[in-house]
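# Structure assessment
Each chain, letter by letter, is given below.
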Amino acid sequence: MLSRSFFKIVFLLTVLLLLSVTVGCEPAEDPLEDLEEDLEEETAEEPAEKTEQILTIGVGRDFYYGSEDRTYLHGSTNVWEGLVYLDENLEPESWLAEDISLSQDEKTWIFQLREGVVFHDGAAFNAEAAKANIIRLRKHPQTADNYKYMEEVRATGTHTLEIELKKPLPAFPVLISYFPSAMFSPEVIETGGTELAAPVGTGPYKFADYSQDRIYLEANPDYWKGEPNIDQVVFHHIPDEGTRVAALRAGEVDALADVGIILPEQVPELEGIPEINLLTQEVLTSIYMFFQTENAPVDNPAVRRGISKLLDREELVNSLLDGYGEPARAVISPLAEYWIDDQESRYDYDPEEGSRLLDENLEENEKITILVNSSWAARWPLSSIAQYLQTELDKLGVESEIKSLEMGAYNEELGKGDFHVSFCPWTGQDPDDFFSSWLLSGSGFNQSRGVNFSSEEADELIQEAVQEMDREERRKIYFQLQDLAEEKAPLVPVYHDLTVYATRDYVKDFQMDFNFRPDLFPAYLE
Amino acid sequence: MQVMLKYLIRRLLTLVPVLLGVTFITFILMDLAPGDPAEILLTRRDIEVTPENLQLAREALGVDGPLPLRYANWLLDVLQGNLGTSFTTGEPVSAEILGRLPATAELAAGGLLVMFLLAFPLGTVAALLRGTVGDHIGRLTALVGASIPSFYLGLLLITYIAVPMEGIPVMGKDEGLISLLLPSVTLGFGLAATYARLLRANLLEVLQLDYIRSARSRGLREAVIIGRHAFRNALIPVVTLLGITMGHLLGGTVVVERIFAWPGVGRLAVEAIFDRNYPVIQGYVLLMGLAFVCMNLVIDLSYRLLDPRVRMEEGEGKVS
């Protein structure tokens, strides 16, 4: 027999907890239920033949960015569309702009917009709406750089938009492809500002709600390609990689689709399950090793090249990624094949040459500091690559230390320049994107990642390339830049990412592209 | 009753310095921590980190002024019921935290329930059967429970229970009470180990005391001695620990929330720390400080029910 007092305490604590739980257990408005009710009401008078199709996609990061972001939601949600996208060869492809042409003076890009497109709120997509979006994107800090050469934007016809630049820029359509040309209803654009009141786009799916780590979408019946097959799509943010795979196996999600969503070491767990389709996709993300080019001894390009020669990229990809990656042979993604000068790798494993370069150029007792960002290391095997490098340096008698820091501390260390070598993932498109970001003196990543590389020759070539309208000539300049990047080696590529993703077998026509964007329009459930 | 009311008011008044203290210390710690929120935000949004962009971002986030001024501004906003807006989403902090608090409360309740169900029988039986096989089994179970990391136990439960068995969800909280099962077991199992050991040790200690011996000599039944006299006194340290545990649970259990994709405040707070999302961190610290103080107040009040000496010291009774 327990005492009355004990029961009193248990009762007290239980009441306290129940009070808090009651708040949580209040008939929470389940957005999915609401959607189902709405759809039921809308289709009440139609013959109930069609079975409701709901697709749940597990993702490893939250795709909801909020009103201050350039696009409110990630592009993978298929809620919004841009003027331009890229094809598989990374060439501009029509999206909401049906045709793209250039004026005689090569300074004005003319976008012939697709007719018959409406935003989810019913507003028409036309040149005025596109103009309002371009003005917003030009102001927005995330996209202002893409429009830095823009002189003026004009709506010259109902569906004709002209963007005049200060100087010819052949890569402009590539530069504004995908995120930087996202179109939203003028009704949700803050007057004179950059915020969006809601993510009202033109895509095959409309935003319905966001709660409990999930984005709820419903099919857009007025989509310009026609009504999508799947009625509702849910993007579920599942942070733990083990849980994501378990959820797919248990059928709680129908697909896992995002960059790095399934780790290479998880593949054996899914292989051989007949209900699961395992897929791979080359993506635009590459892993680089970069140097603080002002710190001795890596201020010497020969030392940088020597360290690069110690990396057996083939072995790294096979042992750390189980082959799910491509050993790098150029600084640019292999998807941009046209811009890569030859088929031979510039970044071969050559320990003898590496040893010679380091022997000749390193002083005794010089210590190399390898910095690792632990936040990135959770998605890419950066710590293991750092350990591999440390072992290789150790074999040559070169002392090194690895410092693993979370994002905030890592950024601060980069800012102080208190390191020699580090690793990072980077996603780019046009070769200009790479060279302007990493090799141009004082430019974005060159500066913010603490590389601090400066070369007048590189600056001139980059400026020349960005304005060269002749494609063949431009290509030659990029070949020269690749020579220079190899020789100076302020950063060297390690491998190009190959993402593994998966669906349940009843999910059909579901594919993710090199931007990790699944095309939801043709997808259906069998 | 008046004594009780005075006590309550006095305890509630201590809330003010406690909350001021914890929020100010947090403010200082966040400021001292390496990493600039403006730089993290720019990196996160793929914006080039140039000195101009950094300055603009710092101004927009309100992190460019001196620390005392920023704290004073934050405090003024809080007094007007405004916890600020999240650096990363632009949503009000109060909405972000309160939107996730119910999920955490549910998980805390589930975890405590599992803990009660496991710890009390285990602890009591182990104490009463001291030195026997039952005691060894109970102690071994407690040792395993205390040793097994929750992330591992969670993954085991997911792999061997949720994946093969239909109806038991792997993650999330959509399926109602059944969704709580595995996260609660994961949480409660580790807690139960600690509580069972504590209860066993306390019961053994109390059972050696003179008043228990005299109760036995007077011929009281063993069940009455254990249930009414020994158990009640053995509970006091357990209840003290419970106050701290409940505060921790309401603060969120990051590992369990992550493994079961449970949308609670723990994950929100950890993500905010990595992003140097000061308003969310400050809002979280404020609410958790409040929760800790309130929970401990409830626990202190419960001593009055458990231990008559407390009531007597406060003048409600007379020591004879």
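Refer to the preceding data block for the structure.
Before going into details, it helps to say that this report is about the structure given with it. Not measured: the values here are computed from a predicted model.

## Digging into the overall build of chain A
Looking only at helices and strands, chain A has 16 helices and 21 strands in total. Taken against the 2.2 N^0.38 rule, which gives 24 Å for 526 residues, the C-alpha radius of gyration of chain A at 26 Å falls within 12% of a compact globule. Every one of the 526 residues in chain A was classed for burial, and the buried ones make up 55%. Contacts in chain A between residues at least 24 apart in sequence constitute 70% of all its contacts with a sequence separation of at least 6. Of the roughly 21,200 Å² that chain A leaves accessible, carbon and sulfur atoms contribute 44%. Averaged over its 41 positive side-chain charges, chain A has a centre that lies 4 Å from the centre of its 103 negative ones.

## Some thoughts on the side chain of Ser-67 of chain A
The residue Ser-67 of chain A is located in the loop between strand S1 (54–59) and strand S2 (81–82) in this model. If near-sequence neighbours (up to four positions away) are discounted, Ser-67 of chain A is found in contact with Tyr-72, Glu-195 and Leu-196 of chain A together with Thr-89 of chain B.

## Remarks on the pattern of salt bridges
Pairing is possible between side chains of opposite charge, provided their charged atoms come close. Residue and element names in this part refer to chain A. Here the structure, examined in full by the defined rule, presents 34 salt bridges over all chains. The partner of Glu-360 in a salt bridge is Arg-356, with the nearest N and O atoms 2.9 Å apart. On the criterion of helical spacing, the pair formed by Glu-360 and Arg-356 is a turn pair, its members being 4 residues apart in helix H9 (residues 351–361). A single salt-bridge network, built from bridges that share partners, covers Glu-152, Arg-154, Glu-162 and Glu-164.

## Some remarks on the interface of chain A and chain B
It is common to report an interface's size as the accessible area lost on association of the parts. Facing 53 residues of chain A, the contacting portion of chain B comprises 58 residues. Summed over both sides, the interface between chain A and chain B buries roughly 4,900 Å², with carbon and sulfur atoms accounting for 62% of that surface. Applying the counting criterion to the chain A and chain B interface returns 6 salt bridges. For Arg-267 of chain B, the salt bridge identified is with Asp-213 of chain A, shortest N-O distance 2.9 Å.

About the criteria used
- Residues numbered from 1 in each chain as written.
- Chains lettered and ligands numbered in written order.
- Predicted model: local features only at pLDDT ≥ 70, side-chain atom pairs only at ≥ 80, totals over all residues.
- Heavy atoms only, no water.
- Helix = DSSP H or I, 4+ residues; strand = E, 2+ residues; numbered from the N terminus.
- Rg over C-alpha atoms; globule rule 2.2 N^0.38 Å.
- Buried < 20%, exposed > 50% of the residue type's maximum accessible area, 1.4 Å probe, protein only.
- Contact = heavy atoms within 4.5 Å.
- Areas by Shrake-Rupley, 256 points an atom, 1.4 Å probe, with all protein chains shown as cover.
- Lys, Arg positive; Asp, Glu negative; His and termini not counted.
- Charge placed at Lys NZ, Arg CZ, Asp CG, Glu CD.
- Salt bridge = Lys/Arg side-chain N within 4 Å of Asp/Glu carboxyl O.
- Buried area = accessible area lost by both parts, 1.4 Å probe.

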